[in-house]
Amino acid sequence: METAMAILTGLFFAVSIYLMLSRHIIRILLGVAILSNAVNLTIFTNGRITREVPPIIPEGKAFPVEAVANPLPQALVLTAIVIAFAFFAFLLVLVFRSYQELGTDDTDEMREAEPPNEPAPPLGY
Amino acid sequence: MALDASYDVDISQAMVVELPPLADWLVVAPLVVGFVFGALCLMTRKDTGRQPFVAITGLLAMLAADIGLFWHVYTNGTVVMTMGRWLPPFGITFAADMLGALLALVTGILGFAGGVYALQDISRTGRRYGFYPFLLLMLSGVTAAFLTGDIFNLYVWFEVLLIASFGLLVLGSEREQLDGATKYAFLNLIATTLFLLAVAYIYGVFGTLNMADISRKAASVRDSGPLFTITAMLLFAFAMKAAAFPLNFWLPASYHTPRIVVSGLFAGLLTKVGVYALLRIFLTLFGAERDILAGTIAVIAALTMVLGAMGALAQNDIRRLLGYLVISGIGSMLAGLALGSATGLSGAVLYAVHSMIVMTALYFLVGIMVERMKVFTLREAGGLYSSAPWLAALALMLFLSVSGLPPFSGLWPKALLVKASLDVGAWWLAFAILLSGLLTTIAVARVFAFSFWRERDTAQKGAGEVQPAPAATSGAMAGSLTALLLLTVAVGVYPEPVVRVTDRIAAELKAPSRYVEAVFPPGSEPLTTEQTEP
Amino acid sequence: MTFYALFVPFVAAIFAPALTRLFKHNAAWILALAPAGLFLHFLGFVEGVAAGERFTGGVRWLPSFNVNFSWFVDGLSLTFALLISGIGTLIVLYSGGYLKGHRHQGRFFSFILMFMGAMQGLVLSDSFLMLFVFWELTSITSFLLIGFNHAEERSRRSAIQALVVTGLGGLSLLAGLLMIWNITGLSELSLLLASGDLLRDSPFYLAAFVLVLGGCFTKSAQFPLHFWLPNAMEAPTPVSAYLHSATMVKAGVYLLMRLNPAMGDTVPWETVLPVFGGATLIAGTLLAVRQTDLKLMLAYTTMASLGLLVMLTGFGTEKAIEGAILYLVAHSMFKGCLFMVAGNVDHGTGTRDITRLGGLMTAMPLTFGAAILAALSMGGLPPFFGFLAKEEMYYGLASLDPWSLTFLAVAMVGNGLMFAVGFAVAIKPFFGPKVETPEHPHEGPVLLWAGPVVLAVAGLFSALFSSEFHRLISNPMAGAVAGHDADITISVVPHLGTALYLSLATVALGIAFYLGFDRLRSGMAGLLTAIGWGPDRGFDQVIDGIVRLSTVVTRWVQNGRMEYYVTATFILLVLAIFIPMGLADEWPELPEFPTLFFYEWAVILIAALGLLAVVWAKDRLTAIVSLGIQGFAVAVLFMLMGAPDLSFTQFMVETLSVVILALAMTRLRLSPQDPRSWAQFFLDGAIALASGAGFTLLLLAVLATEFNAELTEFFNTYSVQIAHGRNIVNVILVDFRGIDTFGEIAVVMVSGLAILALIRVLPKRRAANAAAPTKEVAEPIQEAG
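Remember, predicted model here, so these are calculated numbers, not experimental data.

What counts and what doesn't
Residues numbered from 1 in each chain as written. Chains lettered and ligands numbered in written order. Predicted model: local features only at pLDDT ≥ 70, side-chain atom pairs only at ≥ 80, totals over all residues. Helix = DSSP H or I, 4+ residues; strand = E, 2+ residues; numbered from the N terminus. Rg over C-alpha atoms; globule rule 2.2 N^0.38 Å. Buried ≥ 20, exposed ≤ 12 C-beta atoms within 10 Å, placed from the backbone. Contact = placed C-beta atoms within 7 Å. Nonpolar A, V, L, I, M, F, W, Y, C, P; charged D, E, K, R; others polar. UniProt positions renumbered as here; feature names shortened; annotations may be inferred. Pairing = 2+ DSSP bridges. Core = buried A, V, L, I, M, F, W, Y, C linked by C-beta atoms within 7 Å. pLDDT = per-residue confidence, 0-100. Expected span 1.5 Å × (residues − 1). Axes fitted to C-alpha atoms, helices over the stretch in contact; angles between N-to-C directions. Parallel < 35°, antiparallel > 145°, perpendicular 65-115°, else oblique. Left-handed = near helix turned anticlockwise from the far one by under 90°.

K.L.:
Even after reading the chapter, I still don't get the overall build of chain B, so can you show me in this structure?
P.N.:
From N to C terminus, chain B includes 22 helices and two strands. Relative to its length of 534 residues, chain B is compact, with a C-alpha radius of gyration of 23 Å against a globular reference of 24 Å. Along the longest, intermediate and shortest principal axes, the C-alpha atoms of chain B span 90 × 60 × 40 Å. Taken across its 534 residues, chain B has 72% of its residues classed as buried.

K.L.:
What is the right way to look at the overall build of chain A in this model?
P.N.:
Summing up its helical and strand segments, chain A has three helices and zero strands in all. Reading the helices (α) and strands (β) of chain A from amino to carboxyl end gives α-α-α. In summary, chain A has a C-alpha radius of gyration of 22 Å against a globular reference of 14 Å for 125 residues, an excess of more than 25%. For chain A, the spread of C-alpha atoms along the three principal axes comes to 80 × 35 × 30 Å. Sequence-distant contacts in chain A: of pairs separated by 6 or more residues, those separated by 24 or more amount to 55%.

K.L.:
Just to check I follow, could you spell out the interface of chain B and chain C for this structure?
P.N.:
Interfaces are frequently sized by the accessible area removed from exposure as the parts join. Contacts between chain B and chain C engage 93 residues on the former and 84 residues on the latter. When residues of the side of chain B that touches chain C are traced back to their parent elements, those giving at least two are helix H5 (131-147), helix H6 (151-170), helix H7 (175-206), helix H9 (227-241), helix H12 (287-313), helix H17 (411-423), helix H18 (427-453) and helix H21 (496-510) of chain B. Among the elements that take part in the side of chain B that touches chain C, H6 of chain B stands out by supplying 11 residues, more than any other. A per-class count over the side of chain B that touches chain C returns 62 nonpolar, 20 polar and 11 charged.

K.L.:
Is there a simple way to explain the UniProt feature "transmembrane region" (unreviewed entry) in chain A in this structure?
P.N.:
Residue and element names in this part refer to chain A. With numbering matched to this structure, UniProt assigns "transmembrane region" (unreviewed entry) to residues 6-21, 28-45 and 75-96. Summarising residues 28-45: 100% helix, 0% strand, and an end-to-end C-alpha distance of 25 Å. Between the end C-alpha atoms of residues 75-96 there is a gap of 32 Å, over a span that is 100% helix and 0% strand.

K.L.:
It is not clear to me how the UniProt feature "domain: NADH:quinone oxidoreductase/Mrp antiporter transmembrane" (unreviewed entry) in chain B should be interpreted in this structure. Could you clarify?
P.N.:
In this structure's numbering, the residues bearing the UniProt feature "domain: NADH:quinone oxidoreductase/Mrp antiporter transmembrane" (unreviewed entry) are residues 150-440 of chain B. Taken end to end, residues 150-440 of chain B comprises 81% helix and 0% strand; its first and last C-alpha atoms sit 38 Å apart.

K.L.:
So what exactly am I meant to see when it comes to unusual backbone geometry here?
P.N.:
As a rule of thumb, non-glycine residues mostly have phi less than zero, and peptide bonds are mostly trans rather than cis. Here the bond from Phe245 of chain B into Pro246 of chain B is cis, since omega is 0°, no more than 30 degrees from zero. Residue Pro383 of chain C follows Pro382 of chain C across a cis peptide bond; omega there is 0°. Here Pro383 of chain C is to be found in the loop between helix H17 (365-379) and helix H18 (385-397). Phi is positive for Arg85 of chain B, close to 60°, though the residue is something other than glycine. Within the secondary structure, Arg85 of chain B sits in the loop between strand S1 (79-82) and strand S2 (93-96).

K.L.:
Which parts of the structure should I look at to understand the pairing of strand S1 (residues 55-62) of chain C?
P.N.:
Note on strand geometry: in a regular strand, side chains alternate between the two faces of the sheet. Residue and element names in this part refer to chain C. Relative to strand S2 (residues 67-73), S1 is paired through seven bridges, and the arrangement is antiparallel. Within the sheet, the bridge partner assigned to Phe55 lies in S2 and is Val73. Between the antiparallel neighbours S1 and S2 lie four residues, among them Asn66 with a positive phi of about 60°.

K.L.:
I keep staring at the interface of chain C and chain A and nothing clicks. Help me out?
P.N.:
Taken together, the contact between chain C and chain A spans 91 residues of the former and 82 residues of the latter. At 14 residues, helix H29 (residues 678-703) of chain C tops the list of elements feeding residues into the side of chain C that touches chain A. Tallied by class, the residues present in the side of chain C that touches chain A amount to 53 nonpolar, 22 polar and 16 charged.

K.L.:
Got a minute to help me understand the nonpolar core in this structure?
P.N.:
Inside soluble globular proteins, nonpolar side chains tend to come together where they are buried. Of all hydrophobic cores here, the largest spans 588 residues; its most connected members are Ile112 and Ala374 of chain C. In terms of residue count, helix H3 (residues 71-102) of chain A provides more of this core than any other element does, 23 residues in total. In this structure, Ile112 of chain C is in contact with Ile91, Val92, Ser95, Leu145, Pro238, Val239 and Tyr242 of chain C, ignoring residues within four places of it in sequence.

K.L.:
Can you walk me through the confidence of the model for chain B in this structure?
P.N.:
Parts of the model with low pLDDT should not have their predicted coordinates read in detail. Residues and elements named next belong to chain B. A residue-level look at chain B finds 93% of positions with pLDDT of 70 or above and a mean pLDDT of 89. pLDDT under 50 marks residues 458-467. Its contacts with residues more than four places away, or in other chains, come to six contacts. The low-confidence segment residues 527-534 (pLDDT under 50) makes 11 contacts with residues lying over four places distant or belonging to another chain. Per the prediction output, this complex has pTM 0.93; the corresponding ipTM is 0.95.

K.L.:
Where do I start with H9 of chain B in this structure?
P.N.:
Residues lying three or four places apart along an α-helix face the same way, a consequence of the helix completing one turn every 3.6 residues. Residue and element names in this part refer to chain B. In a regular helix each residue adds 1.5 Å, so 15 residues correspond to 21 Å; H9 covers 21 Å between its end C-alpha atoms and thus fits that length. Summarising burial for H9: 15 of the 15 residues are buried, a large majority. Once H9 ends, the next one or two residues include Ala243, with phi positive near 65°.

K.L.:
Please explain the environment of Gly274 of chain B as it appears in this structure.
P.N.:
All names here are of chain B. Its location among the elements puts Gly274 in helix H11 (residues 260-285). Between the C-alpha atoms of Gly274 and Ala145, which are 129 residues apart in sequence, the distance is 9.8 Å. Ignoring sequence-local partners within four residues, the contact set of Gly274 consists of Phe238, Lys241 and Ala242.

K.L.:
How should I be thinking about the pairing of S1 of chain B in this particular structure?
P.N.:
All names here are of chain B. Of the two faces of S1, the one lined by Val79 and Met81 and the one lined by Val80 and Thr82 are each fully buried. Of the pairings in the sheet, the one linking S1 to S2 comprises four bridges and is antiparallel in character. Across the sheet, Thr82 pairs through a bridge with Thr93, a residue of S2.

K.L.:
How should I be thinking about the packing of H7 of chain B against H9 of chain B in this particular structure?
P.N.:
Between two packed helices, what matters for the description is the angle formed by their axes and the separation of those axes. Residue and element names in this part refer to chain B. Contact pair H7 / H9: the axes reach a minimum separation of 9 Å and the direction vectors enclose 155°. Accordingly, the angle class assigned to the pair H7 and H9 is roughly antiparallel. The element H7 and its partner H9 pack so that their crossing is left-handed. Across from Ala191, Leu194, Phe195, Ala198, Tyr201, Ile202 and Val205 in H7, the residues of H9 making contact are Leu227, Ile230, Met233, Leu234, Phe236, Ala237, Met240 and Lys241.

K.L.:
How should the packing of helix H10 (residues 205-219) of chain C against helix H14 (residues 267-290) of chain C be read in this particular structure?
P.N.:
Residues and elements named next belong to chain C. Where H10 meets H14, the axes come as close as 12 Å, and the angle between the chain directions of the two elements is 25°. When the axes of H10 and H14 are compared, the pair comes out roughly parallel. Relative to H14, the crossing made by H10 is right-handed. Between H10, through Leu206, Phe209, Leu213 and Phe217, and H14, the contact on the second element is made entirely by Pro268, Trp269, Val272 and Phe276. By residue class, the composition of the contact of H10 with H14 is eight nonpolar, no polar and no charged.

K.L.:
Looking at this structure, how should I read the environment of Val289 of chain C?
P.N.:
Assignment of secondary structure puts Val289 of chain C in helix H14. Separated by 235 residues in the primary sequence, Val289 of chain C and Met524 of chain C have C-alpha atoms spaced 7.4 Å apart.

K.L.:
Teacher, can you tell me more about the environment of Met119 of chain C here?
P.N.:
Residues and elements named next belong to chain C. Among the secondary structure elements, Met119 is positioned in helix H6 (residues 105-124). Taking the C-alpha atoms as reference points, Met119 and Phe134, separated by 15 residues in sequence, lie 6.7 Å from one another. Leave out the neighbours within four places in its chain, and Met119 touches Ile84, Thr138, Thr247 and Met248.

And the structure:
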């Protein structure tokens, strides 16, 4: 199971990185969304995997009665998901506003901060 | 709640029983203050007249908390506190050693200076849309990153400071800001995500997230787990955060785009969090891996220093020039990390403190220069020596300081680092440090010659015959700049107090067991996992 | 007392602008009290030092690094201190007259006093780092003074040139001093001098030697690093007289003399110093002949004199060293005087061009008198101090081996040429017919002629009372340089002997040069034009080259294209994973083929298909929907593996993402495809697959380790018992790791605020265009998560 998950995360990473290598910022954004899933799966798998038993202690017991899934990675992933979503939302609006202001989603055409025709530094003194 | 009685549980096995001494609460005081005042500023954001006072009060309180914490750590040693009173490593531990406390203190100073500077530099719209909340939360994030003792928690603080920095970066929504922010945001997101990924692997190998716990377990795990690859990945992630060559793309792409006070604070704080993380990871946690990676780090350091200084020489825009000086300075700090000796580490930390103050001050200076000249390119600049001699004096001092020339703070870390390099025969690293100093000198001397010495009209050649009336510089901007300048002069003239602190930090970093023992006092090992089923 | 004396000039510098505002140029009288007081202070040491005492003191400065702020006074440093404060007094007075009425006279006083403090600190420093600090301070103040006429590009160029060249030397010196520190474990000059052969015997001697030399040669303008010195003449004349002739440029010579007992007497020392010194001497004198500007003629002879001093210092015989120290003192006096003379001529007539000057004798009698006395000393004629120096150096050089004969010849030619130049400066402007000058020639006020007259007379009296002067000054100084007691007996009474004949020959040579001066000048001018290139031009080429190279490199590395940034980042990431994994052999074992239930396979397959669909989607909407598919598949996977909370959150987040994305995308008119060339496709694909494979391999390697479930067991144990929660994940979130959640909430909040700022704040340009009231109430788009 863990092996399958490890390979699946590899696929997630590959797809996400492929998308992020695009010139089109909207693809990069999709890549970021997938990247967060990839990372979350990795965190989850690192905590080792058990099937189907959620880490909930039954009523009247002080401990889980059977082997349960590792709760810590779940907590970490929950934190990470929410953070990643907050970033995703910000980036989306950033992309949206960039498109509004700059009129393109091609990063090669967006070069305002580092313009291609920037003057060279002056020589002399 | 009524269940309490039914469980016969020995609390002392899970929790710290006695309350920690009151002074220990100082370890969380800066960020509590930061968050509280951040929230207050958010609530008062529409009252742009009064909000700055709330913010300045908050920044002052934060600085006071940082001073208190620093003093407490200085006198009593590392302060450790685990949240929720859980025993480490089960809760999230905050551990303020000298390194964290010192950097937090400098953060507090820069935050306050920036808050004052921003009184003039940030418009009402900027305040209304969250400048001060962003600032306070970024400072809280930075401070918490310096103080936390939990590696996943460190990631969370990285994200807090990163998202707050996004907010500061885009404030204004100018075209170049949006482009700069896009590059900054995506590349930094990649870096923090890689950090998170490395944390995941660390958890998989160690089963723990507490840094002290990782440190003490590293030796036993080293043979079975892929520690070297994981640490290389951490090096990658933090080198990117620290803007080390060749992962520094995001910094020159973005640091010149926001308001100058924002650039200044970024320059002072953000990359240094990356440097801090590198020091923490590679000295406190994975010393053995540092020994293997030292050569690589040294090469990265040399390239960063020299190419950073060359980048500064290649700029027409003064603000971008400063961005490259930030990068060049990062190289010097990494050189200290690569050397790893007490002198080298002391030099690296001293350089970090110096660079935080001086780089922020330089941006503040350029803010005033641009305000008076209305241009920020070397080709068009000029005339400041005549119109603002006092500014020229301040500028010259900062330029000398950043070049590592006496009698300012830049000299000492440079001397320590060169000495440390020669100690181990790394003459080429010493050469790189000195060469970057020379190139930096040339770069800033050109800025001085062009924008101060040169008269304005000869520079413009009739392009714009309207000589803008030199605007009076506001007291808030000049004041915070002068305050930072005085610090670099003080450190330059009498470095002993700071060097004593950085020497102690170097000694602490060289002996990670002291950090571990502060978190896990010897002889108080909890036996939690031995619990029997009821 | 001496400790405070070190700071006196700096304090004076702080008050200089205010005093100048109050008293105008007469502030010079008050400010000159500072150096005058210092001169008297140091005079107090003379008797003691002559009796063989050394005075030391200081405070701990950086004890953590074993650095003291410590000074020491012996014959060498005392002579320098006296020269600095003595000539400094005259220069401050002279500046009062020279820059009378200048808008920035106060600033000028300030700079020159700061320089004085730096120079004085330099020669009195005992600890290496203190020496370096003052050394660099002299470079910095020199930078400010050369750039004093800042509106001129030539001044700026000269200032930067001086800063860069001497700064380069300073860094070399720093490295050299730190190296000596490493070799010997000593960080104080006084200790080093007493350490015998410790440094000489080290295998790193040569490295330290070269590095220290780098500092000394740049500062003392040795060929071919001399070019900054003549350019430094852009500074006002008092600066030229003081910094660039009498004091600062001697710092390099000072340090060589200072280190002679510890570093001298070796083959490299006695080869490199004479060779470079000799070359500098000849080059300097030849270049001096070429000039027509009085100041430049003097500047090049200064360079030549520095060469002579270095040559003598390194030559190795005792008499040569004595000659060097006598010449050093003589040079400070006559050259300082001649520069001020040149300044007076400039001031009085409005020009410094020697071909446009003549017949000033009657108009400027005092200046003329000083000039003649100084030239006599410079020419080495009795009864002036320069004569003593020349005699002594010929004693030191005269020997019959070819090596000595070579340098003897070099010294004679050099001295002869300097003789000619000295008299050209002192005679040509004053004799002959009167020439029309831009201003009516006149003698300046007392402030202007006092300095040159005093120095000229000093050159006479020090020679007349030579035995006393030797006892008090020369012998202790020579002793400090040689490392053992010295006894100089030379006096103005000529002794028949080799040295005298050589002196006479030099004078004859000098007269010959003088008579053929114009021919010599045109010859040199022709030669230099023929060569066409010099290190001065080279400097521009180097600086421009560095700037151009930096621009090319920087634009290549930082080319502004985000695609390139991301690609480079991920290529490096692939390397950062695979290289360490390979080096440390951390590859995972080949895992067994996973055994999964069919529905698990199905979900994994759906996730994979969703992913591939995102990549292959022909239009954006398909891509977004496919994004949803993989997201939901992940949610199901979480569900299957005992993480219902995660699963719900994932569902929510994915739904929101897809909806927001779809909403936003419909508002943008974007090109629907993601075109990549085949090469691009393969490159991106390879990087992506390699990264993915790297993460998978790393994960497999991690999974092969034994898991430490300590934390999990703790949480399972105490979740209910202490924290009173049955859902362990929730307990971790709100209790065990509550701070994480706190940070997470902060992130969400800040992100919402940042989004608000992005949407609401319009750039100035747009805001100005838009109708006024809409600025703050632009259409709100509710998207905060």
